[in-house]
Amino acid sequence: MKPLQEQKLWMYEKMVESRHFEDLIKRAYFEGKQPVFNMAKGPLPGEMHLSDGQEPCAVGVCAHLAPQDSVTATHRPHHTAIAKGVNLNAMASEIFGRANGLSGGRGGHMHLFDKAVNFCCSGIIAQGMGPAVGAAMASKLRGQQHVAVAFIGEGAANQGAFHETLNLAAVWNAPVVFVIEDNAYGISVAKRAATAIERNADRAVAYGMPGVFVPGNDPDLVFDVAGEAVARARAGEGPSLIEIETIRLEGHFMGDAEGYRPEGEKDALHARDPIKLYRARLENQDIPPADLDKIEQVAKQRVSAAFEHARQSPAPVSEDAFTTVFA
Amino acid sequence: MKPLQEQKLWMYEKMVESRHFEDLIKRAYFEGKQPVFNMAKGPLPGEMHLSDGQEPCAVGVCAHLAPQDSVTATHRPHHTAIAKGVNLNAMASEIFGRANGLSGGRGGHMHLFDKAVNFCCSGIIAQGMGPAVGAAMASKLRGQQHVAVAFIGEGAANQGAFHETLNLAAVWNAPVVFVIEDNAYGISVAKRAATAIERNADRAVAYGMPGVFVPGNDPDLVFDVAGEAVARARAGEGPSLIEIETIRLEGHFMGDAEGYRPEGEKDALHARDPIKLYRARLENQDIPPADLDKIEQVAKQRVSAAFEHARQSPAPVSEDAFTTVFA
Amino acid sequence: MEKKRKLTIAKAMSEAIALEMRTSPEVLVMGEDIAKLGGVFGNTQGLLDEFGPDRVRDTPISETAFIGTAVGMAAAGMKPVVELMFVDFFGVCMDAIYNLAAKQSYFSGGNVTCPMVLMTSVGGGYGDAGQHSQALFATFGHLPGLKVVIPSNAYDAKGMMAAAISDPNPVVFMFHKALQGMGWLGTVPRSITHVPEERYTIALDHAHIVREGRDITLVGLGHTVHLALDAAAELEGEGIEAEVIDLRSIAPLDRETIIRSVAKTGALISVDDDYHSYGVGAEILANVAEQDDLHLKAPLKRISYPDIPVPFAPEMEHAVLPNAGKIVTAARKLLKESAHV
Amino acid sequence: MEKKRKLTIAKAMSEAIALEMRTSPEVLVMGEDIAKLGGVFGNTQGLLDEFGPDRVRDTPISETAFIGTAVGMAAAGMKPVVELMFVDFFGVCMDAIYNLAAKQSYFSGGNVTCPMVLMTSVGGGYGDAGQHSQALFATFGHLPGLKVVIPSNAYDAKGMMAAAISDPNPVVFMFHKALQGMGWLGTVPRSITHVPEERYTIALDHAHIVREGRDITLVGLGHTVHLALDAAAELEGEGIEAEVIDLRSIAPLDRETIIRSVAKTGALISVDDDYHSYGVGAEILANVAEQDDLHLKAPLKRISYPDIPVPFAPEMEHAVLPNAGKIVTAARKLLKESAHV
Ligand SMILES: Cc1ncc(C[n+]2csc(CCOP(=O)(O)OP(=O)(O)O)c2C)c(N)n1
Ligand SMILES: Cc1ncc(C[n+]2csc(CCOP(=O)(O)OP(=O)(O)O)c2C)c(N)n1
Ligand SMILES: [Mg+2]
Ligand SMILES: [Mg+2]
């Protein structure tokens with residue numbers, strides 16, 4: 001399944017949008033945290049997990065999804081959220097902890113819920129997988145054709161929830177796709193030090209479902225493989241597992257010095273920046289650079305406006321802490 | 001790896017011993033629970049999970065183990081405990097809740113610990129697997145050649161702990177063998193309704209370890225396959241997974257009417273009683289029936305003596321409840 | 001005379017679930033052995049036959065997966081009723097319960113609710129030992145975002161289950177094995193009550209005064225309500241009138257009803273069968289101790305399960321469980337001492 | 001003058017572990033990111049270099065597996081120190097902790113011990129939101145068979161870690177992020193203390209009176225000890241002498257030290273940052289309320305974290321956390337009211 005030109009441009013746009021989102025986060029994050037880095041300070045307190053480099057996973061998969069389809073994401077959710085169409089203003093406000101954020105500032109960056117596009121995420125490794133199966137089963141039981149996608153990291157594939165949910169989804173023939181973003185690290189621990197086999201996609205045989213490895217961090221290849229899996233799910237043919245080779249261009253969280261990486265590894269990664277590579281490919285495919293510039297500009301503008309919106313939005317009041325605990 | 005004649009006779013003996021143990025439990029269990037079945041009453045209160053039919057799994061594996069090797073078993077532990085050489089008197093006393101039981105009556109039938117032979121069990125599905133990896137790693141780190149075996153049911157192979165421990169054991173090259181007793185049911189739920197693929201042994205590929213399915217509930221076949229796996233572990237070549245086809249001749253627990261089994265299934269099972277079949281095979285191999293009778297008699301006598309011992313042993317006093325919570 | 005429909009809690013639960021399933025296609029039931037078997041504790045009997053395997057689903061032994069699945073279904077507007085067979089198994093799936101279900105509303109600022117019921121059996125006393133006999137009320141009550149309820153009789157069980165399924169929030173519905181009405185577990189006869197055929201609900205945030213009295217307040221929940229009632233009956237013979245409160249819910253906890261009662265009686269014994277420290281009794285006592293206008297005639301008292309694993313042998317288990325005798329003795333002692341003041 | 005070795009809790013922990021590892025080959029460390037990275041919270045810094053990858057083991061993200069593995073190692077006589085990176089993750093692995101580790105001694109009648117340490121970070125205040133900021137003290141304290149300790153400063157951390165590793169029982173060693181001494185988390189300066197180079201132990205079952213006073217007892221643990229000390233300093237200016245108790249351990253709980261103090265002061269405020277209901281404060285208050293010979297001059301009081309998930313935005317989070325101001329206000333109020341009695 002090859003992306004049409006407009007799908008390619010959409011993927012490019014969303015990758016740029018996501019990257020610009022992270023770039024603006026980077027700047028804002030260190031405000032108030034200088035000269036001594038203190039996570040508690042500044043407009044963006046707490047941990048911050050950026051998605052730079054992993055954009056192809058998000059766009060290649062979400063290109064196949066409608067708002068009615070569900071996505072559960074992880075502690076590293078921005079690219080996924082943006083590709084899924086989460087409201088950018090409300091998302092930025094949420095990450096800035098503002099009263100008009102997705103949850104009014106209660107959740108923060110690891111807990112983004114947007115009901116309008118059926119997006120959510122959780123900070124506990126692999127635990128979003130069950131809810132994805134649930135969304136898929138709800139659709140199936142209602143006779144709808146919506147699918148669900150659970151995104152996880154390669155480190156999460158060693159968590160019990162991975163096994164349980166893949167098995168359950170297979171037994172119940174749930175319309176769900178499990179997507180592993182293999183960025184080779186779980187914080188500081190290399191995949192090969194934590195995972196018994198080279199490719200998690202091969203674990204799909206344990207559940208009688210297709211498992212496909214997507215090399216190269218390539219949006220078009222992800223699009224292709226994810227397209228098959230989503231179509232399969234929509235057609236009622238059951239779940240699939242996809243593992244995408246990707247790269248993490250930033251530290252695990254902001255402030256991570258990445259001393260655990262072998263000498264030189266990080267530099268090599270930057271040469272593989274998927275957005276640059278994709279742009280080069282599109283140019284090679286005779287898309288005028290000016291068109292791409294324009295897309296880039298619009299996307300960045302949208303993100304900047306969202307940040308502006310967030311920064312100008314009011315903070316919650318302390319009493320808000322006590323509401324919405326219960327519906 | 002074929003069992004020697006003395007190993008065959010040992011396996012026969014332990015199977016008979018185990019079955020007689022369960023037979024005596026059956027009688028004792030219903031004491032005080034008549035005419036209305038009330039689990040709380042009689043000398044053996046609480047749930048009681050019998051192992052009738054599953055003896056080949058225990059003896060075929062434990063035939064390769066020395067007391068220094070470790071076994072972690074399940075909520076259905078009697079056959080495994082007996083094959084591992086757990087002190088029969090102390091075990092019977094424990095199940096009767098007596099002061100001289102393995103834990104002085106604190107643990108009961110699902111919590112049998114015998115340090116002398118490195119045996120323990122846990123009533124929470126699949127949770128004994130981690131401790132088996134731990135015993136294996138302790139041996140490895142100390143430069144010893146002891147191995148550990150974790151027994152589980154086929155239903156347990158859908159629990160997260162299964163996945164996590166197999167992966168960890170593989171990554172750490174732990175001298176451990178994972179043994180699944182596939183009796184086709186987890187309480188009332190058939191394997192095919194709960195497990196995405198036909199054979200759990202095939203899940204071993206997800207961990208890069210050998211996975212072998214043993215058909216026929218056959219002690220000699222189990223002996224063969226387990227022998228390879230134990231030798232592998234002892235040689236430092238890492239973990240293995242074995243799934244043994246077996247049968248559960250009694251209900252999940254005592255009192256289970258088994259209404260969930262298809263018509264006639266249960267009767268057919270009895271024709272496959274592994275002890276009868278094994279005896280027939282031994283007789284075919286020219287072992288004099290009288291020798292087998294003798295073995296049987298001695299084994300049963302040992303069990304009966306253990307029950308006698310248990311029944312005559314004193315109950316704990318209430319204050320004992322407060323000791324050994326901490327060492 | 002009104003015809004009595006005497007039902008067990010098990011039957012009352014399945015009846016309540018069936019009523020909700022009939023009127024709402026969004027309700028479904030999932031768990032281990034809840035379909036073909038009808039639940040190890042009988043509370044889903046008959047549901048598979050009536051509603052079929054799509055809506056009454058046996059699961060693999062994968063609590064993390066199927067409880068997480070329920071959370072996702074609830075987010076999508078379904079109303080799953082899931083069973084954790086024994087509360088003792090919470091350790092394999094608590095994240096789905098306390099970090100997902102319990103926080104879904106909050107993390108979404110109220111935009112995504114979590115209308116699910118987690119029903120789970122609690123309690124010991126029948127020799128099932130340390131991993132199958134725990135109550136763990138406080139373990140659940142301590143974590144925000146969950147409603148945690150426990151019925152003491154069939155009438156309440158039906159109304160509370162209906163309310164739980166209708167509630168837009170995750171409700172942990174704990175049923176006590178000693179009250180469940182499964183023959184093989186024995187049953188406190190008082191838990192088998194008249195249960196009207198039609199649907200009704202019982203509020204999940206109100207304690208219930210099951211017996212009025214002026215001399216001392218006995219607070220219980222689930223099984224210990226019956227122990228308190230037995231104790232009250234015995235104390236009556238000695239001229240002591242005990243008020244007995246059935247908490248019904250520990251989260252939210254109906255603090256007012258307790259405090260109002262103690263304001264009247266001036267003495268309190270809390271009785272529960274969960275572990276002692278950081279337990280139910282601690283919370284009950286603390287609430288009373290925080291009040292500044294109560295005139296107590298005796299120190300507050302709690303009877304609970306000691307801080308030890310549940311032992312198997314009945315000689316030990318029965319000795320350490322709360323019982324009516326312990327309540328009577330404690331009440332006598334408190335009131336006697338107070339008389340000397 | 002004695003030379004001061006000012007260490008953070010993080011450093012004190014790793015130093016204590018290293019000392020035990022040097023003398024006992026049975027001690028090893030396992031957890032996520034504890035080897036190469038030296039622990040997300042710095043408490044295993046340097047151990048990989050000194051002891052190598054056999055004894056300092058990074059694990060997969062498989063808490064059930066590696067904590068269960070630790071239980072099996074402990075059964076075999078090793079002394080594993082394992083890390084659960086954030087206590088908030090307990091939901092994926094609690095069975096190994098509370099049904100295996102905690103009950104190994106009991107289920108074996110004392111024949112098989114479980115000498116392991118589970119170290120885990122607790123607490124919020126730095127904007128890490130609802131799944132990374134919880135304290136969950138009572139969640140662990142409630143379950144029998146575990147020792148549950150939390151140091152408030154580096155001196156204590158070193159001695160308590162040595163004691164924990166030497167203990168034949170499972171010890172949950174909770175370290176508070178606000179005290180850890182990682183620059184990026186900020187740190188209460190008072191938690192950075194002189195730490196002697198040599199090995200020493202601090203008993204795990206004794207509370208510590210960190211400040212004496214006659215007017216009111218303030219009980220805290222971990223971070224809230226410092227809040228109580230700050231409050232005490234402020235109250236001193238008003239002529240109120242507060243006694244401050246550092247619990248150090250919540251299981252076992254040193255009930256006597258608390259009761260003795262309240263017997264002297266006649267007033268109590270318990271301060272902790274775990275959820276309110278069925279929490280630490282409940283247990284502290286209940287213990288005092290059960291006494292029959294205390295003469296209290298005011299109702300008992302607890303300050304804790306409310307029963308809500310931890311909100312992300314600082315405007316909400318900081319408002320709901322305990323702080324010195326809240327303690328001062330509460331103390332003033334209690335003592336003022338008591339003056340009117
Ligand atoms: C159950 C659980 N264990 C540990 C953590 C801490 N943690 C947060 S992110 C992370 C690494 C995750 O690695 P991976 O799944 O590969 O995702 P990535 O960060 O690479 O995107 C860990 C261990 C957690 N959040 N939840
Ligand atoms: C985590 C957990 N979930 C559920 C149970 C209840 N339970 C006890 S035995 C059992 C079935 C186990 O099936 P299997 O693993 O096949 O073992 P078998 O009983 O057939 O020997 C179940 C579900 C439990 N003890 N632990
Ligand atoms: Mg990764
Ligand atoms: Mg089975």
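Let me begin by describing the structure that accompanies this report.

So, how was this worked out
Sequence positions are assigned chain by chain, starting from 1 and proceeding in written order. To read the labels, note that chains go from A and ligands from 1, taken in the order they are written. This being a predicted model, a pLDDT of at least 70 is required before a residue's local features are given, and a value of 80 or more before pairs of side-chain atoms are given or counted; all residues contribute to the totals for chains, interfaces and linings. Each side-chain value is worked out from all heavy atoms of the structure, with water and hydrogens disregarded. The fit set for superposing copies consists of C-alpha atoms from residues with pLDDT of at least 70 in both; the fit itself is least squares. Whether two residues are in contact is decided by their heavy atoms: any pair within 4.5 Å suffices. Each metal's donors are the N, O and S atoms found within 2.8 Å of it, except that Na, K and Ca use a 3.2 Å limit; water is left out, so coordination can look incomplete. A run of DSSP states H or I qualifies as a helix once it reaches four residues; a run of E qualifies as a strand once it reaches two. Both are numbered from the N-terminal end. Per-residue accessibility, obtained with a 1.4 Å probe over protein chains only, is compared with the maximum for each type, and a residue is labelled buried under 20%, exposed over 50%, and partly exposed between these values. Note on terms: buried area is the combined drop in 1.4 Å-probe accessible area of two parts once they are placed together, counting the loss on both. Only one rule defines a salt bridge in this text: a Lys or Arg side-chain nitrogen within 4 Å of an Asp or Glu carboxyl oxygen. Polar contact is the term for a pair of N or O atoms within 3.5 Å; when the atoms are in protein, one must be able to donate a hydrogen and the other to accept it, and sequence-neighboring residues count only if both atoms are side-chain atoms. Polar here means any residue outside two lists: the nonpolar Ala, Val, Leu, Ile, Met, Phe, Trp, Tyr, Cys and Pro, and the charged Asp, Glu, Lys and Arg; Gly therefore counts as polar. Remark: nonpolar core denotes a set of buried residues (Ala, Val, Leu, Ile, Met, Phe, Trp, Tyr, Cys) joined through side-chain atoms within 4.5 Å. Two strands are said to pair when DSSP picks up at least two bridges between them.

## What to know about the relation of the copies chain D and chain C
- For the pair chain D and chain C, the best superposition has an RMSD of 0.0 Å and corresponds to a rotation of 180 degrees with a translation of 0.0 Å parallel to the axis. The symmetry that links the two subunits is that of a two-fold axis.
- Most of the interface of chain D is mirrored in chain C, where 100% of its interface residues again form contacts.

## Points about the coordination of the magnesium ion (ligand 3)
Residue and element names in this part refer to chain A.
- Each protein donor to the magnesium ion (ligand 3) is listed here as Glu-154 (OE), Asn-183 (OD1) and Tyr-185 (O); together their distances run 2.1 Å.
- Donor residues for the magnesium ion (ligand 3) sit on one chain with the sequence pattern E-x28-N-x1-Y. Placement of Glu-154 in the loop between strand E3 (148-153) and helix H6 (160-171) and of Tyr-185 in strand E5 (residues 185-186) is noted, with a sequence separation of 31 residues between them. The exposure classification of Glu-154 matches that of Tyr-185, with both residues buried.

## Digging into the interface of chain A and chain D
- Across the boundary between the two partners, chain A contributes 42 residues, which contact 40 residues of chain D.
- Around 3000 Å² of area is buried between chain A and chain D when both sides are counted, 67% of it from carbon and sulfur atoms.
- Summed over the shared surface of chain A and chain D, the number is zero salt bridges.
- Summed over the shared surface of chain A and chain D, the number is 12 residue pairs in polar contact (both at pLDDT 80 or more).
- A class-by-class count of the residues in the side of chain A that touches chain D yields 21 nonpolar, 17 polar and four charged.

## Considering the nonpolar core
- In this structure, C:Phe140, C:Phe173 and D:Phe173 are the most contacted members of the largest nonpolar core, which totals 425 residues.
- Among all residues touching D:Phe173, those that are not within four sequence positions of it are D:Met13, D:Val117, D:Leu118, D:Met119, D:Thr120, D:Val149, D:Pro151, D:Ala157, D:Met160, D:Met161 and D:Ala164.

## Some remarks on the pairing of strand E4 (residues 79-86) of chain D
Residues and elements named next belong to chain D.
- Across the eight residues of E4, seven count as buried, placing the element largely inside the fold.
- By the bridge criterion, five bridges tie E4 to strand E5 (residues 117-122) in an arrangement that is parallel. Across the sheet, the residue bridging to Glu-83 is Met-119, located in E5.

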